[in-house]
Amino acid sequence: MTVTYSSKVANATFFGFHRLLLKWRGSIYKLLYREFIVFAVLYTAISLVYRLLLTGAQKRYFEKLSIYCDRYAEQIPVTFVLGFYVTLVVNRWWNQFVNLPWPDRLMFLISSSVHGSDQHGRLLRRTLMRYVNLTSLLIFRAVSTAVYKRFPTMDHVVEAGFMTADERKIFDHLKSPHLKYWVPFIWFGNLATKARDEGRIRDSVDLQSLMTEMNRYRSWCSLLFGYDWVGIPLVYTQVVTLAVYTFFFACLIGRQFLDPTKGYAGHDLDLYIPIFTLLQFFFYAGWLKVAEQLINPFGEDDDDFETNWCIDRNLQVSLLAVDEMHMSLPKMKKDIYWD
Amino acid sequence: MTVTYSSKVANATFFGFHRLLLKWRGSIYKLLYREFIVFAVLYTAISLVYRLLLTGAQKRYFEKLSIYCDRYAEQIPVTFVLGFYVTLVVNRWWNQFVNLPWPDRLMFLISSSVHGSDQHGRLLRRTLMRYVNLTSLLIFRAVSTAVYKRFPTMDHVVEAGFMTADERKIFDHLKSPHLKYWVPFIWFGNLATKARDEGRIRDSVDLQSLMTEMNRYRSWCSLLFGYDWVGIPLVYTQVVTLAVYTFFFACLIGRQFLDPTKGYAGHDLDLYIPIFTLLQFFFYAGWLKVAEQLINPFGEDDDDFETNWCIDRNLQVSLLAVDEMHMSLPKMKKDIYWD
Amino acid sequence: MTVTYSSKVANATFFGFHRLLLKWRGSIYKLLYREFIVFAVLYTAISLVYRLLLTGAQKRYFEKLSIYCDRYAEQIPVTFVLGFYVTLVVNRWWNQFVNLPWPDRLMFLISSSVHGSDQHGRLLRRTLMRYVNLTSLLIFRAVSTAVYKRFPTMDHVVEAGFMTADERKIFDHLKSPHLKYWVPFIWFGNLATKARDEGRIRDSVDLQSLMTEMNRYRSWCSLLFGYDWVGIPLVYTQVVTLAVYTFFFACLIGRQFLDPTKGYAGHDLDLYIPIFTLLQFFFYAGWLKVAEQLINPFGEDDDDFETNWCIDRNLQVSLLAVDEMHMSLPKMKKDIYWD
Amino acid sequence: MTVTYSSKVANATFFGFHRLLLKWRGSIYKLLYREFIVFAVLYTAISLVYRLLLTGAQKRYFEKLSIYCDRYAEQIPVTFVLGFYVTLVVNRWWNQFVNLPWPDRLMFLISSSVHGSDQHGRLLRRTLMRYVNLTSLLIFRAVSTAVYKRFPTMDHVVEAGFMTADERKIFDHLKSPHLKYWVPFIWFGNLATKARDEGRIRDSVDLQSLMTEMNRYRSWCSLLFGYDWVGIPLVYTQVVTLAVYTFFFACLIGRQFLDPTKGYAGHDLDLYIPIFTLLQFFFYAGWLKVAEQLINPFGEDDDDFETNWCIDRNLQVSLLAVDEMHMSLPKMKKDIYWD
Amino acid sequence: MTVTYSSKVANATFFGFHRLLLKWRGSIYKLLYREFIVFAVLYTAISLVYRLLLTGAQKRYFEKLSIYCDRYAEQIPVTFVLGFYVTLVVNRWWNQFVNLPWPDRLMFLISSSVHGSDQHGRLLRRTLMRYVNLTSLLIFRAVSTAVYKRFPTMDHVVEAGFMTADERKIFDHLKSPHLKYWVPFIWFGNLATKARDEGRIRDSVDLQSLMTEMNRYRSWCSLLFGYDWVGIPLVYTQVVTLAVYTFFFACLIGRQFLDPTKGYAGHDLDLYIPIFTLLQFFFYAGWLKVAEQLINPFGEDDDDFETNWCIDRNLQVSLLAVDEMHMSLPKMKKDIYWD
């Protein structure tokens, strides 16, 4: 479920963002505490080995190794690689959100353009609306692990009322080696055309208006599918991950506090706890976590889109709109600013 | 209220931007002076402790600590993290502005396509227009704290004339666990269809033109809602905030003036006031404030969108346009360039 | 007036851009020479004080101060802050250019869809066209200082033939506390509807085509207005300006040539003229000037949009197109590639 | 074939991305192992020469050379150049994906707007659909090496059933020195117009709806062609490649472990294996590989678009949709939420 | 002529991009060899003066100067300034390519919507098409030096068959101080309206479809014109150029090999040829050349758009499409997948 905190930051106040640092759900701490513990334990282990187990000569060797690692840790371009990569991931994530299919535009048109309050009219509108919801469900099943878990087979889709048994039979009998999520839209087109022939849809203008909107809906669906199908090239993700992991590996050795008495530059002080290295761990690993969380926003992370909720909302609202509310109108009254 | 300064920078003049440095409303000083005072007080406190309270050995230890902090302060990638983050926030902020729903396009169409100057015609146009304004009001209530304060309950919406008592009853009786801001648009569609049946809207072309424009309006509304609902992932904001706060924490200790007689590199001079550190505080904290201010532009910051003003303007102007001005035309006269 | 140099850089030639360095109009030199003189004078003054007035001890103190300033000057992230900021400003500037309202699309439609070569037909087309031009003029007056200077009152608008006295009266009598630049578009819609009723516009398809185009025009206008109304947040501009000014302030002291005999690192040479610092002044101050020039492209800078020219061009061309050229057609002849 | 890993990263888990590091197909290792071996061999060779073959004086000279190279290696702005370049390449790559022509929108329209279940009607719809598929095939042949290998001549196109022998004759006889991929769309337009004359397409609204969609399809096709025709300027690619290659060349010498006994700064340790340099090779060369892979996504890389699969899918699905499924409708039944 | 190399990089292979390093046409070498020679000669001259002509004291002074220059060369933010600037230029360049006007969409519509195979019908379609081509030619003449060279006067336009003598007379007689490239579109609109009155265009839907497409074409044309008219602000280009030139000027002195016996830091080695500085010259100057080449893509560079070819192609293809191919249809036959 998305973590919404916009109301908390409505106004820029005294140290406005510090309150956000204290949240747990969806927070950097919740996402990172395991990695952090691993990192801290490893650091401590190495530190203890250096301080307690190594002999003098080994210590000297370790110290040189540490300085060597530290020097290279700084050369790893983590900041930039992450900056460019996360920007890419965030843009893709937002585009996916913007392209989530909402049936609202279609339901307004269906409610106003497909006429008849009798049972046949109601059936028409509900069926058209159902096809629309069915298509997005089929896409969501392909894209979202959460939805797939809820609808693991087509039986579940039929059971949930998105498809009738009849439709399923036809759907299954269609011979095509390819995905068939476009089938309900063919039905939609055929049904709308039939409705026009019967005079339930008045003319071509109304019909094409419906068809255009349906195609827009389809484009949203297929774009979502495209984002899932063609991700950020694996190589790119690997490059970034390698860079970050290498950096922390180098830090484990390179950021050890060396014996201050040996007079190594920048090693005058033994604080035991490498506070800034730990904070750096939070920045960089946290930044990478942003990418991990957003790269597939259809999972079950705290910050992923609530696809199952969308599916329910869309079905409930769109059936309500095209059936119960069809042609329902409050009595017109003069508003209070009349004259 | 938005701070407009574009007329002040119309021309690039001698040190053109320096005038902007002297503004107070919406300025960096107004936003930051509290944080600045805290920072300055803490810095001074630490400075006094170092100079007056610490013993010799403690001073030596503090000096090492200070140098250690300074070295790491420079390694924190504040600039980049802020650069990428603020760019993201600014883009989102501007997109929200661009997607503010304005009823102007609809009011032109309603005024020209819904005919009849009699009372029923007027009622039709006013009611259609009211539904449009009602929808955006419902969205603004969900999105903007300022609007929510003004319309805390649906009663306030009815009182302000955006909804009639009748409409409210129907609205409340609709059974749906989900938000119902789409309901007035169903009414809009139904009413427009009825108007077409009555011949007040001439044909499907006119009707679909209205419906298309209504759907565009709805998309603006739902996009605004989307921006509020799905913010920048909390982790990202936390990463950036942590980076900036850590940097300043490191500066508090690392940028102290150390005893020049001890000969630490870069510590030949004791200026008492760390002028450049204070300025850096202004840059980085100011940059972060840009983000804090824009991350939710529907609050009550100096630079937030004046949503309440929008609501009033839209209602007043759109009713004026579709009612009083319907079919009003100045007498056509030859313009001065005729022949 | 815009400075066009594209024909000068059509081909990438030997040191292709060096020719651009020698232009004066709209150039960095013209924009910066005053600031440059101030900077040079201040630098020289400080230099003279250091060399001639200070005593030995004061000199030593100044030298430490200079080294201190130099060290921090390098820490100020001018490059990045400017890079991100200027990118933002340039994008906004270009979007404003792209959204300048041109009446060409409308004039083609009006010329071909509003029929009748008689006086009434001419009057219709000219009046419709005039309303279009009037709207953009009202917007330009609000947005551009240059246009506002030319049309300081509505009287000037009437005098220039954009509005008739009649129209002005109606316009003034409309009671609305808000801007009224949308009024001519209501007239446009009403007039077009009337023309359709009279059969001058054939059917709803033609009419809606006109209305759609008019709405597009309105969107350009209101977007321009939006850019003026909601600028880049003041804080951002202040942050950038502060960063650049601080940098130069630090340079004034930190980039002084110190006595080479004292053996300060990097101070082996006394060149008197700090050539690279002066060049840096040009880069950074020039980059900031790019922002100053573009942040409001409706002023009177060398590189601002020629709004007054646009207004004249649009009126002249659009009246010509819808009136004199209405239904004018060259005799059709076989072209030279016939068969 | 595209490498899809989105289901592997649905949730942000403990060290979420590390699993991606172990994939082979489409991975950085598969793409880079040859270059890596070359680099490692060269490094080892130079190392052996330095350690075993050089005399004392030659060693000293080599050591100076190594330090010299190392110093400049760090000055080469590989990170930035790559960051900006890869961002550009990735954006182009994604735009190409988004503009892949899919016939789904057209097939919905054809199925619902071109009437008649008799043989002539079927022929009409199938032929229209075939023209659409033919056009994209012609484009893909020009753009994709994989498709070109499959359809090296027009004979193969005819054989595969995308074109009839008749059509091919007409196509070949058209005299034009230019590419002729637009020809099937002329046929499409002519055939649709004929269908309208015969009453198979009801009216202009339906017809123009088809034509608009066809033009959209054409724009996708021509944009793909444009991306192929006008690539990223060669100079840019060369600049980036030169920068990366130079960097690695400098590393070969500059990152050698020098004799620790000589006391060169940063050369206290001889690890034999330059672990961080090898990792850097992976980052930078891997980042460049991202560009190499994406710069032409129509090749046969692991991550390239599966164009041949698209062609097959589109033909199969679209014929199925407009023929077998034309006017096929499941029986309408009340859904389970009825009342 | 554009340099197309996409087929060379279809697959990511062993050192995939190295092949691109060996191309000459459109390459970095061809673009830069002159500047490179100048740079190398100057460097050598300074080197020779230092080594052979200067006396001991002068050498010492030069050495200090060199170190001073080197230190500042590194402070010039060439990478960033270039990165941001080139990104801007590349985006503009690509947008210009995407907005090149292609008449294909219009020719499909004209061929299918303007009826009549008799001479009058042919004349109608050819003339409409010619007006479209004429408009883009007028724009190209204003924008592209290559096209202007080919059509220096309107006589050449008439001679080339884009305009008849009659049309030219009317065109010339139109009194307007402004550019008149919109005139053929007025004729287009008038002619189409006339065709509709004559029944050659069936109804308003077909007509408005044509007009909409024409307006889209016009927008492409005017956007191209806009890109030419309002370039990147001169100041920005000057800032970038100054930065790069200054950098190289500083390198000429600062990257000289100083006498190794003097023991200056980083000057232990005299290689005579400053290999890395020369490579840096290639990166930075090459990057700037990318900008020089793309800033006006309508010149005669190797990588500029082939506008003259476009003009020929568009005329030939569009006349062919609307005339010879009008209503030509291959015989419909069952495709090989029938049943």
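Structure's up top.
Overview of the structure. In this text, all values refer to a predicted model and were calculated from it rather than measured experimentally.

Glancing now at the nonpolar core. Ranked by internal contacts, the top residues of the largest apolar core, which has 643 residues, are Tyr236 of chain A, Tyr236 of chain B, Tyr236 of chain C, Tyr236 of chain D together with Tyr236 of chain E. With residues up to four places along the chain from it excluded, the contact list for Tyr236 of chain C reads Val86, Val90, Trp287 and Val290 of chain B together with Phe84, Tyr85 and Leu88 of chain C.

In this complex, chain D contributes 97 residues to the contact, which on the side of chain E involves 99 residues. Counting each side, the surface lost to burial between chain D and chain E is near 9000 Å², with a carbon and sulfur contribution of 68%. Considering only the surface of chain D that becomes buried against chain E, Trp182, Trp229 and Leu234 of chain D emerge as the three largest contributors, covering 8% of it. In this structure, the connection of chain D to chain E is made through 3 salt bridges. Run the count over chain D and chain E and you get 21 residue pairs in polar contact (both at pLDDT 80 or more). At 14 residues, helix H10 (residues 204-229) of chain D tops the list of elements feeding residues into the side of chain D that touches chain E. Class assignment of the residues belonging to the side of chain D that touches chain E gives a composition of 49 nonpolar, 25 polar and 23 charged.

As a measure of interface size, the accessible area lost when the parts come together is often cited. Across the contact, 100 residues belong to chain C and 97 residues belong to chain E. A buried area of about 9000 Å², summed over both sides, lies between chain C and chain E, and 68% of it is on carbon and sulfur atoms. Seen at the junction of chain C and chain E, the total is 3 salt bridges. Asp335 of chain C is the partner of Arg126 of chain E in a salt bridge, and the nearest nitrogen-oxygen pair spans 2.8 Å.

Our next topic: the relation of the copies chain D and chain E. At an RMSD of 0.0 Å, chain D and chain E line up after a rotation of 72° and a shift of 0.0 Å along the axis. The superposition of one copy onto the other is thereby described by a five-fold rotation axis. The rotation axis passes nearest to the C-alpha of Val205 of chain D in chain D, at a distance of 5.5 Å. Of the residues that chain D buries at the interface, just 5% are likewise interface residues in chain E, meaning the two copies contact each other through different surfaces.

Turning to the packing of helix H12 (residues 275-294) of chain B against helix H11 (residues 234-254) of chain C, a few remarks are in order. Running from N to C, H12 of chain B and H11 of chain C point in directions that differ by 165°, and their axes come no closer than 9 Å. Taken as axis vectors, H12 of chain B and H11 of chain C run roughly antiparallel relative to one another. As H12 of chain B runs across H11 of chain C, the sense of the crossing is left-handed. Contact residues: Phe276, Leu279, Phe282, Phe283, Gly286, Trp287, Val290 and Gln293 of chain B in H12 of chain B; Val235, Tyr236, Val239, Leu242, Ala243, Thr246 and Ala250 of chain C in H11 of chain C. Its residues assigned to classes, the contact of H12 of chain B with H11 of chain C comprises 12 nonpolar, 3 polar and no charged.

Rules of the game
- Residues numbered from 1 in each chain as written.
- Chains lettered and ligands numbered in written order.
- Predicted model: local features only at pLDDT ≥ 70, side-chain atom pairs only at ≥ 80, totals over all residues.
- Heavy atoms only, no water.
- Core = buried A, V, L, I, M, F, W, Y, C linked by side-chain atoms within 4.5 Å.
- Buried < 20%, exposed > 50% of the residue type's maximum accessible area, 1.4 Å probe, protein only.
- Contact = heavy atoms within 4.5 Å.
- Buried area = accessible area lost by both parts, 1.4 Å probe.
- Salt bridge = Lys/Arg side-chain N within 4 Å of Asp/Glu carboxyl O.
- Polar contact = N/O pair within 3.5 Å; in protein donor to acceptor, adjacent residues only side chain to side chain.
- Helix = DSSP H or I, 4+ residues; strand = E, 2+ residues; numbered from the N terminus.
- Nonpolar A, V, L, I, M, F, W, Y, C, P; charged D, E, K, R; others polar.
- Least-squares fit on C-alpha atoms with pLDDT ≥ 70 in both.
- Axes fitted to C-alpha atoms, helices over the stretch in contact; angles between N-to-C directions.
- Parallel < 35°, antiparallel > 145°, perpendicular 65-115°, else oblique.
- Left-handed = near helix turned anticlockwise from the far one by under 90°.

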